[in-house]
Amino acid sequence: MGHVESYKPVIVMVVMQFTYGAVSITTRASLLEGMNPRVFVFYRQAIATLIITPISYFSRSKTTRCCIGWKSFWLIFLAGLIGITISQMIFLEGLYLASSSAGSAIFNLVPAITFVAASIVGYEPFNILSIRTIGKILGTFVCVTSAATMALIKGPKLLNAHLPFSNSLLLNSTENDNLWLLGCLCIFGSSCCWSFWLIIQVQVTKSYPDHLSLSAWMCFMTTIQSGTIILFTDPYLEAWKVTSNFQIGSLLYAATAGSGISIFAQSWIVQKRGPVFSAMFNPLNTVVVTIFASIFLREQIYVGSVVGAVGIVIGLYVVLWGKAKDLEELKEQQQKMIMVSHKDQISVVQVLIDEANMKEPLLHKQTNKF
């Protein structure tokens, strides 16, 4: 049972990467059909709220219910605004302007960005004289350089695709030559937001440890946030239309698997293994999305994209190597502490036994006197 428990976080993250890949492909297909990306975020979060709220309410026992205080409320509000509302909106813009494969590849920067942010706030060990820290720094540099290569050096197209008219805020005001770069920048910004969300989750889960209820609250708050943004960016009823059954299906899938279940799973993973572990499995998403997007969407893939994606994966695993060494050292320290504690307990018991042995002759003498 112990081995099964230790592999649970790994299994959950692998399943989540396939889930994210399917969400990315179906979402981009909906955008190519003309779905408004900001309205997509609103419907996705609204549906997720309607699904997960009753499940959260009826599944909790009286002993496990958490009361949301002002601190928890503002932490959840901030986490939802940065990591879901803003992150998803700019990610969908980038997903449309670039491609699904580019989106998943650049999103591999999340572990490197998370490492930097976690080191700054003290959630990640940092020792410049340590080989593992140097490895994580070099891996981060390789990731960022590869992402820049992917965005700036396209090279010849491996597959061709044409972007139809869309409700993108950026497409109609930008030259076609700059669309790829702009899309990559949007995805990079979304990656930063997601990394900050992972960092904030450490405090959120401490303040409000009920993961299912937390997911419901976050989905509800992001629904309000995204709806408010749409009132300013798209103040007309035409933007809210869903024009096909496929768009409805992609919304339901994204809301159920991509929002409701994933928020719950990510919160659980962050509490169990930390924010960097949660970001470790993104390269699997890149492989899944690239293969299926090229088959089903016929989207454009450049030589520079492939080279940059490979560089990002290499840099990522250098970062993960450093993280693995950190975990090994932490386990060694815990074992040493356990051994020291065990020795201390033995010493205390030995002292008590010695004291008892010293008192025993005195008791015999006193008994003989009587």
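Summarised in this report is the structure supplied together with it. (Residues numbered from 1 in each chain as written. Predicted model: local features only at pLDDT ≥ 70, side-chain atom pairs only at ≥ 80, totals over all residues. Heavy atoms only, no water.)

**As for the overall build of the chain**
Of the regular secondary structure elements, the chain holds twelve helices and two strands. Overall, the chain shows an N-to-C arrangement of helices and strands of α-α-α-α-α-α-β-α-α-α-α-α-β-α. Looking at the chain as a whole, 47% of its 370 residues qualify as buried. A separation of at least 24 residues holds for 89% of the contacts in the chain among residues at least 6 apart in sequence. When the accessible surface of the chain is summed, it comes to about 19000 Å², and 70% of that surface belongs to carbon and sulfur atoms. (Helix = DSSP H or I, 4+ residues; strand = E, 2+ residues; numbered from the N terminus. Buried < 20%, exposed > 50% of the residue type's maximum accessible area, 1.4 Å probe, protein only. Contact = heavy atoms within 4.5 Å. Areas by Shrake-Rupley, 256 points an atom, 1.4 Å probe, with all protein chains shown as cover.)

**A few points about the packing of aromatic side chains**
How two aromatic rings sit relative to each other is set out by the distance from centre to centre and by the angle between their planes. Using the criterion set out here, one finds nine aromatic pairs in the structure. Ring centres 6.5 Å apart and planes at 80 degrees place the aromatic pair Trp 217 and Phe 220 in the edge-to-face group. Placement of both Trp 217 and Phe 220 in helix α8 (residues 211-233) is noted, with a separation of three residues, approximately one turn of the helix. Of the aromatic side chains, those joined through ring pairs into one cluster are Trp 70, Phe 73, Trp 74 and Phe 77. (Phe/Tyr/Trp six-rings, centres within 6.5 Å; stacked < 30°, edge-to-face > 60°.)

**Some words on helix α7 (residues 179-207)**
In an α-helix there are 3.6 residues to a turn, and that puts residues three or four apart on one side. Taking 1.5 Å per residue as the helical rise, α7 with its 29 residues ought to reach 42 Å, and the 41 Å between its terminal C-alpha atoms agrees with that figure. Bending of α7 peaks at approximately 35 degrees at the position of Gln 201. (Expected span 1.5 Å × (residues − 1). Bend = angle between axes of the 7 residues up to and from the residue.)

**What about the side chain of Gln 247?**
By secondary structure assignment, the location of Gln 247 is in helix α9 (residues 245-273). With a relative accessible area of 0%, Gln 247 lands in the buried category. Leaving out residues up to four positions away in the same chain, Gln 247 has contacts with Ser 30, Glu 33, Met 35 and Val 242.

**As for helix α5 (residues 110-121)**
Across its twelve residues, α5 extends 16 Å between first and last C-alpha, which sits within 8% of the 16 Å expected from 1.5 Å per residue. By the criterion of burial, α5 is predominantly enclosed, with nine of the twelve residues buried. Those residues of α5 that fall on the buried side of the exposure criterion are Val 110, Pro 111, Ala 112, Ile 113, Thr 114, Phe 115, Ala 117, Ala 118 and Ser 119. In the stretch just after α5, Gly 122 is the one whose phi turns positive, near 90 degrees.

**So, the packing of α5 against α7**
It is the contact of α5 with α7, at a shortest axis distance of 9 Å, that shows an interaxial angle of 45 degrees. Relative to α7, α5 is oriented oblique. Here the hand of the crossing between α5 and α7 comes out right-handed. Together, Val 110, Ile 113, Thr 114, Ala 117, Ala 118 and Val 121 of α5 and Phe 188, Ser 191, Cys 192, Trp 194, Ser 195, Phe 196, Leu 198 and Ile 199 of α7 make up the contact between the two elements. Considered class by class, the residues forming the contact of α5 with α7 number eleven nonpolar, three polar and no charged. (Axes fitted to C-alpha atoms, helices over the stretch in contact; angles between N-to-C directions. Parallel < 35°, antiparallel > 145°, perpendicular 65-115°, else oblique. Left-handed = near helix turned anticlockwise from the far one by under 90°. Nonpolar A, V, L, I, M, F, W, Y, C, P; charged D, E, K, R; others polar.)

**Details of the nonpolar core**
In this structure, Ile 76, Leu 92, Trp 197, Val 204 and Met 218 are the most contacted members of the largest nonpolar core, which totals 50 residues. Here this core takes eleven residues from α7, the largest share from any one element. Each residue touching Ile 76, except ones within four places of it in the same chain, is listed here: Ile 68, Val 204, Tyr 208, Leu 214, Trp 217, Met 218 and Met 221. Counting residues in each nonpolar core, the second largest holds five residues, with Ala 29, Val 289, Ala 293 and Leu 297 among its members. (Core = buried A, V, L, I, M, F, W, Y, C linked by side-chain atoms within 4.5 Å.)

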